[in-house]
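Residue strings, one per chain:
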Amino acid sequence: MKRALLIMAAMTTLAAPVMADEALAKSKNCMACHAVDKKLVGPSYKDVAKKYAGDAKAVDLLATKIMKGGSGTWGAIPMPANPQVSEADAKKLAAWVLSQK
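Please read these numbers as outputs of a predicted model, since none were measured by experiment.

This part takes up the pattern of salt bridges. Following the criterion strictly, the structure yields four salt bridges and no others. Here Glu22 makes a salt bridge to Lys26, at a shortest N to O gap of 3.7 Å. On the criterion of helical spacing, the pair formed by Glu22 and Lys26 is a turn pair, its members being four residues apart in helix 1 (residues 2-27). The salt bridge partner of Glu87 is Lys91, with a shortest N-O separation of 3.5 Å. Placement of both Glu87 and Lys91 in helix 4 (residues 87-98) is noted, with a separation of four residues, approximately one turn of the helix.

Core analysis: the largest hydrophobic core is formed by 17 residues, its most contacted members being Ala25, Tyr45, Ile66, Leu93 and Trp96. Those elements giving two or more residues to this core turn out to be helix 1, helix 2 (45-51), helix 3 (58-68) and helix 4. Per-element accounting of this core gives the leading share, five residues, to helix 4.

The final tally for this structure, using the stated rule, is one aromatic pair. Here the aromatic rings of Tyr45 and Trp96 are separated by 5.2 Å at their centres, their planes lie at 70°, and the arrangement is edge-to-face. On the criterion of sequence distance, the pair formed by Tyr45 in helix 2 and Trp96 in helix 4 is long-range, its members being 51 residues apart. Classification of Trp96 by relative accessible area gives buried; the value is 3%. Against the face of Trp74 rests Lys51, its NZ or CZ located 5.2 Å from the ring centre.

Take the side chain of Ser44 next. Following the sequence through the fold, Ser44 ends up in the loop between helix 1 and helix 2. Accessibility expressed as a relative area gives 2% for Ser44, which makes it buried. A polar contact is formed between the side chain of Ser44 and the backbone nitrogen of Asp47, at a distance of 3.0 Å. If we ignore the near neighbours within four places in the chain, the residues touching Ser44 are Ala35, Val36, Asp37, Lys38 and Lys39.

Here we take up unusual backbone geometry. A positive phi angle is found at Asn29, which is not glycine, with a value near 70°. Along the chain, Asn29 falls in the loop between helix 1 and helix 2.

To continue, consider the state of the cysteines. Taken as a whole and assessed by the stated rule, the structure comprises zero disulfides. Looking at the unpaired Cys30, the closest cysteine sulfur is the one in Cys33, lying at 8.9 Å.

What follows deals with the confidence of the model for the chain. Here the chain shows a mean pLDDT of 86. Residues at 70 or above account for 80%. Highest mean pLDDT in the chain belongs to helix 3 (98); lowest belongs to helix 1 (59). A low-confidence stretch, residues 3-17 stays under pLDDT 50, and its non-local contacts, those more than four residues away or across chains, total zero contacts.

What counts and how
All residue numbers here refer to positions counted from 1 along the written sequence of the relevant chain. Restriction of local features to residues with pLDDT of at least 70 applies here, the model being predicted, together with a cutoff of 80 or more for giving and counting side-chain atom pairs; totals for whole chains, interfaces and linings are based on all residues. Based on all heavy atoms of the structure, the side-chain values leave hydrogens and waters out of the count. The working definition used for a salt bridge is a side-chain nitrogen of Lys or Arg within 4 Å of a carboxyl oxygen of Asp or Glu. Elements are defined by DSSP. Helices are runs of H or I of four residues or more, strands are runs of E of two residues or more, and each kind is numbered from the N terminus. Put simply, a nonpolar core is a bunch of buried Ala, Val, Leu, Ile, Met, Phe, Trp, Tyr and Cys residues held in one set by side-chain atoms that sit within 4.5 Å of each other. Here's how the labels work: a residue is buried when its accessible area is under 20% of the maximum for its type, exposed when over 50%, partly exposed in between, all with a 1.4 Å probe on protein chains only. In this scheme Phe, Tyr and Trp rings, the latter by its six-membered ring, pair at centre separations within 6.5 Å, and the angle between planes marks the pair as stacked below 30 degrees, edge-to-face above 60, and tilted otherwise. Remark: a charge is flagged as sitting over a ring if the NZ atom of Lys or the CZ atom of Arg is within 6 Å of the ring centre and within 35 degrees of the ring normal. As used in this structure description, the phrase polar contact means that two N or O atoms lie within 3.5 Å; if the pair is within protein, one of them must be able to donate a hydrogen and the other to accept it, and residues adjacent in sequence are counted only when both atoms belong to side chains. We call two residues contacting when some pair of their heavy atoms lies within 4.5 Å. A pair of cysteine sulfur atoms is labelled a disulfide when the two atoms are within 2.5 Å. Values of pLDDT, ranging from 0 to 100, describe the predictor's confidence in every residue of the model.

Next up, the structure:
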C-alpha cells in the first residue's frame, strides 16, 4: 500500500509542472493560436519541439519570439508580440513547448 502511494505521489509530482505550464499557456492566451498536437493558426507545440530538438539556444530563441513576436519561420502568418508575458514566463513556456513529443 505504501509503495502504491509513493508511486502515485511521484506521478503527481512529475505531472504537476506539465499541467502548470499548460495552464500558463492558457492564461497567456497562447492556446488561441496553438495546440499541443495540431496546427491551428500557428504550428503545434509538438512540431515546434521537433523543429528545435537538440538546439541548445532554442529556449532563449523561442522566449524572445513569445515576447517580441516573429514571422517567416512557419509561413506567412506572423506571430504577434506578447508584451504581457515576462521573460521568466516566456522561458518557462518555451521549455514546456520544447518538452512536447
